[in-house]
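# What the coordinates show
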Amino acid sequence: MKSLALKNIARRIMKFLCISVFTLVFFSVFLPQVKAATLIFSPSIGSYNIGSYFTVSVLGSSPDKVMNAASGVISFPNDLLSVSSISETSSIFNVWPQAPSYSNTDGTINFQGAVLPPWYTGNSGKLITVTFKAKAEGTANLSFISGSVLAADGMGTNITSSFGTAAYQISKGNVTQ
């Protein structure tokens, strides 16, 4: 009798362990990844004349997860471009823990913003708009040195999945924008 009871307990323990392992494997392999947001530039390509001014929007996309903050450090070639201004107009952010700033000496742009409830879910939410002046001939590449998009989940989970890049051809003469 005791032997039969021990066998039943052992079977229950094995059944519990098998179900637990299966559940763990299933949820870690088959559920979508938490990371779901991107930081991109718009437009991501363009052609401009030396001496001309053009604007680039920095956008955040988080179609599947609710975001409440984002930050980034952007690199630009300071021999080809200079920042003329940064605008927060029409931004999805309404709180700026760190106001957008730039250094033409270092070729960097910094931003850190947040959005209050109802937070943000969607594609192409405008974060900042940067106005550049084209200084010299060449291909001016923009990229993110670092950045993050944080989920509105109470833990500030980093949901960044990718960063965009941009390339602008700076030329002498007449080039259509």
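Preceding this paragraph is the structure being described.
So, here is what we can say about the structure in this document. (Residues numbered from 1 in each chain as written. Predicted model: local features only at pLDDT ≥ 70, side-chain atom pairs only at ≥ 80, totals over all residues. Heavy atoms only, no water.)

Helices and strands together make up the secondary structure of the protein, namely one helix and ten strands. Overall, the protein shows an N-to-C arrangement of helices and strands of α-β-β-β-β-β-β-β-β-β-β. Relative to its 177 residues, the protein shows a buried fraction of 36%. Intrachain contacts of the protein at a sequence separation of at least 6 include 77% that bridge at least 24 residues. As presented, the protein carries roughly 10,200 Å² of accessible surface, and 59% of it is formed by carbon and sulfur atoms. (Helix = DSSP H or I, 4+ residues; strand = E, 2+ residues; numbered from the N terminus. Buried < 20%, exposed > 50% of the residue type's maximum accessible area, 1.4 Å probe, protein only. Contact = heavy atoms within 4.5 Å. Areas by Shrake-Rupley, 256 points an atom, 1.4 Å probe, with all protein chains shown as cover.)

Attention now goes to the pairing of strand S10 (residues 166–171). Across five bridges, strand S2 (residues 45–49) lies against S10 in parallel orientation. By the bridge assignment, Tyr 48 is partnered in S10 with Ile 170. (Pairing = 2+ DSSP bridges.)

Each neighbour pair has its own omega, and for Ser 42 with Pro 43 the value is 0°, a cis peptide bond. Note on placement: Pro 43 falls in the loop between strand S1 (37–42) and S2. Cis geometry is adopted by the peptide bond preceding Pro 118, which originates at Pro 117 and carries an omega value of 20°. Mapping Pro 118 onto the fold places it in the loop between strand S6 (108–114) and strand S7 (120–134). Positive phi, close to 65°, is recorded for Ser 90, a residue that is not glycine. Relative to the helices and strands, Ser 90 resides in the loop between strand S4 (81–87) and strand S5 (95–103). Even without being glycine, Trp 119 reaches a positive phi, approximately 60°.

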